[in-house]
Amino acid sequence: MLTALVSFLVVKQADSEQPPRMIKFVLMVNRQGQTRLSRYYQPVELSRRAVLEADVVRCCLSRKKDQCSFVEYKDFKLVYRQYAALYIVVGVTDSENELSVYELVHNFVEVLDKYFSRVSELDIMFNLDRVHIILDEMIQNGHIVETNKSRILAPLTALDKMADN
């Protein structure tokens, strides 16, 4: 009786396992297709990154403004948003919620705007370390961990205070 119950629980657990929901990568590119920021949460060989980025950028930049910002791409989905001359592209697993990632991208831009006072492509290029800190405060190991703007900016505020002293 006990063995039947244990085997039933093991089978039930295996049936209920869902594929992992996670973010695979975040890219920030300009209209010319130049990558300004890239962060990978799953290992991708360096030689494959350039090909992947070029293909993903081509896929997103070729779409019209009235088309959906969610794209099925190979074995994952792309969620992208355009802000002025920059595109932020997020690669996610098929089971990830696209709308939550779409809102995460907007929140990321709002945090950048708050920190840089109207962020521009030059701010990102010349302060890449700070942009990575912001992104790392929001996403860790491919999972969203923080969305509160004040808490995201707390480490940078502390660094800026130390630099001023």
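Please refer to the structure higher up on the page.
Residues numbered from 1 in each chain as written. Predicted model: local features only at pLDDT ≥ 70, side-chain atom pairs only at ≥ 80, totals over all residues. Heavy atoms only, no water.

Undergrad: How do you make sense of the sheet that holds strand β5 (residues 86-92) when you look at a structure like this?
TA: Adjacent strands of a sheet pair through backbone hydrogen bonds, lying either parallel or antiparallel. Pairing is antiparallel in the open sheet, where 5 strands are placed in the order β2-β1-β5-β4-β3. Whereas interior strands pair on both sides, the edge strands pair on one side only; in this sheet they are β2 (35-40) and β3 (70-73). Mean inter-strand twist for the sheet, computed between neighbouring axes without regard to direction, equals 20°. Running at roughly 65° to strand β1 (residues 23-30), helix α2 (residues 46-61) makes contact with β1, β2, β3, β4 (76-83) and β5 of the sheet. (Pairing = 2+ DSSP bridges. Helix = DSSP H or I, 4+ residues; strand = E, 2+ residues; numbered from the N terminus. Axes fitted to C-alpha atoms, helices over the stretch in contact; angles between N-to-C directions. Contact = heavy atoms within 4.5 Å.)

Undergrad: Just to check I follow, could you spell out the nonpolar core for this structure?
TA: When a protein is soluble and globular, its nonpolar side chains tend to lie buried together. Among the nonpolar cores identified, the biggest contains 28 residues, and Phe-108 and Ile-134 are the most heavily contacted of them. Among the secondary structure elements, those contributing two or more residues to this core are β1, β5, α3 (98-116), α5 (128-138) and α6 (149-164). Examining the composition of this core, we find that 8 residues originate from one element, α3, more than from any other. Residues in contact with Ile-134, not counting those within four places in the same chain, are Phe-108, Val-111, Leu-112, Tyr-115, Ile-152, Leu-153 and Leu-156. If you look at the next biggest cluster of nonpolar residues, it comprises 15 residues, including Val-57, Val-71, Phe-76 and Leu-78. (Core = buried A, V, L, I, M, F, W, Y, C linked by side-chain atoms within 4.5 Å. Buried < 20%, exposed > 50% of the residue type's maximum accessible area, 1.4 Å probe, protein only.)

Undergrad: For this particular structure, what's the right way to read the environment of Asp-123?
TA: Take Asp-123: it is sitting in helix α4 (residues 121-126). For Asp-123 and Leu-112, which are 11 residues apart along the polypeptide, the C-alpha to C-alpha distance reads 9.3 Å.

Undergrad: Even after reading the chapter, I still don't get the packing of α3 against α5, so can you show me in this structure?
TA: How two helices sit against one another is set out by the angle between their axes and by the gap between those axes. Here α3 crosses α5 at 135°, and the two axes come no closer than 11 Å. Looking at the two axes, α3 sits oblique to α5. The interaxial crossing formed by α3 with α5 has right-handed handedness. Between α3 and α5, the contacting residues are Leu-104, Asn-107, Phe-108, Val-111, Leu-112, Tyr-115 and Phe-116 on the first element and Arg-130, Val-131, Ile-134, Leu-135 and Met-138 on the second. Residues of the contact of α3 with α5, tallied by class, amount to 10 nonpolar, 1 polar and 1 charged. (Parallel < 35°, antiparallel > 145°, perpendicular 65-115°, else oblique. Left-handed = near helix turned anticlockwise from the far one by under 90°. Nonpolar A, V, L, I, M, F, W, Y, C, P; charged D, E, K, R; others polar.)

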